[in-house]
Amino acid sequence: MMLSVKDLSVRYGRNQILDHVTFSVEEGHWLMVVGPNGAGKSTLINAVTRNVAYTGNVLFEEEDIRLKKPAELARCMGVLAQSHETAYSFSVEEVVALGRYAHSSGFLSRCREGDGDAIEAALALTGMKNSRSRSILTLSGGELQRTFLAQVFAQDPKLLLLDEPTNHLDPAYQKQIFDLISDWLKKPGRAVISVIHDLSLAKAYGTEVMLLHRGQVIAGGKARDVLKPAYLDRVYGMDVCGWMRRMLSQWEDPEEARTGNRA
């Protein structure tokens, strides 16, 4: 088991944000964390990466993450946020190279053997090699997200944590980002956890899904067992499957539907 989380709880003052959350992630698996706003999804990512105080146990490869130094934890886990600070005119390559800091011996240390190869591989995998010299201030939203994804790839973590990685991106970039992550996951010794609102993407790409509501796990397991009316309607307070079918039906061609012929 790569990651084991047991009885994870987070409180902000009197507010219980996560309430005894338990789950695990195996090598080669992609866990999608879904639920309505305020369910505690982003807080879960922050707790697992030790960015907020929590109670309970978080074990990475059977070792308590509290025992790991920050650089050691960064070699295990990489995080892709939904938004990024772009106040400085760094080049794409400079931003990607920052992903290798977790493997350095300290501040201002020289590049290690293999850093260049890791950076090149990350740029190639995300399709950003030809943009390596561009300022990140000139990038589109999709290009910027691919740049920071390349940074995480260069970091070479075992566990990739994504907090709404395609938020505000158009469908083409959403597909591109998720396909890139899916390809990255094919290498042995890796796993992914994604916080996501889009249930269709969760179903299409996730090997498992965990449904959160008010800080508690409502259901967890295979997508087909979690993303069904018995759970979704209760959490979202609406007929989720019916609504999504109605949205999909708008794309049906009446003639194709009548004859059964599709392009």
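Residues numbered from 1 in each chain as written. Predicted model: local features only at pLDDT ≥ 70, side-chain atom pairs only at ≥ 80, totals over all residues. Heavy atoms only, no water.

Thoughts on the sheet that holds strand β9 (residues 208-213)
Argument step 1. With mixed pairing, 6 strands are arranged side by side in an open sheet as β6-β7-β8-β3-β9-β10. Among the strands making up the open sheet, the edge pair consists of β6 (77-80) and β10 (216-221). With strand direction ignored, the average angle separating the axes of adjacent strands in the sheet is 15 degrees.
Argument step 2. Examined bridge by bridge, strand β3 (residues 30-34) and β9 share 4 bridges and lie parallel to one another. From the neighbouring strand, Leu-31 faces β9, where its bridge partner is Glu-208.
Argument step 3. Those strands touched by helix α9 (residues 229-236) are β3, β9 and β10, and its axis lies near 30 degrees from that of β9. (Pairing = 2+ DSSP bridges. Helix = DSSP H or I, 4+ residues; strand = E, 2+ residues; numbered from the N terminus. Axes fitted to C-alpha atoms, helices over the stretch in contact; angles between N-to-C directions. Contact = heavy atoms within 4.5 Å.)

Looking at the pattern of salt bridges
It is possible for side chains of opposite charge to pair when their charged atoms get near one another.
Argument step 1. All told, the structure shown has 13 salt bridges when counted by the stated rule.
Argument step 2. As a salt-bridge pair, Lys-175 and Asp-179 come within 2.6 Å of each other at their nearest N and O atoms. Of this pair, Lys-175 and Asp-179 both sit in helix α6 (residues 171-185), separated by 4 residues, roughly a single helical turn.
Argument step 3. For Glu-208, the salt bridge is made with Lys-222, and the minimal N-O distance between the two is 3.3 Å. One end of the pair, Glu-208, is in strand β9; the other, Lys-222, is in the loop between β10 and α8 (223-226), and 14 residues separate them in sequence.
Argument step 4. The exposure class assigned to Glu-208 is buried, which follows from its relative accessible area of 16%.
Argument step 5. Given the relative accessible area of 37%, Lys-222 is considered partly exposed.
Argument step 6. Through salt bridges with shared partners, one network takes in Glu-93, Glu-120, Lys-129 and Arg-132. (Salt bridge = Lys/Arg side-chain N within 4 Å of Asp/Glu carboxyl O. Buried < 20%, exposed > 50% of the residue type's maximum accessible area, 1.4 Å probe, protein only.)

A closer look at unusual backbone geometry
Argument step 1. With phi around 55 degrees, Asp-7 is a residue other than glycine that occupies positive phi space.
Argument step 2. Asp-7 sits in the partly exposed class, given a relative accessible area of 34%.
Argument step 3. The backbone of Glu-164 sits at a positive phi, close to 50 degrees, despite the residue not being glycine.
Argument step 4. With respect to the helices, strands and loops of the structure, Glu-164 is situated in the loop between β7 (159-163) and α6.

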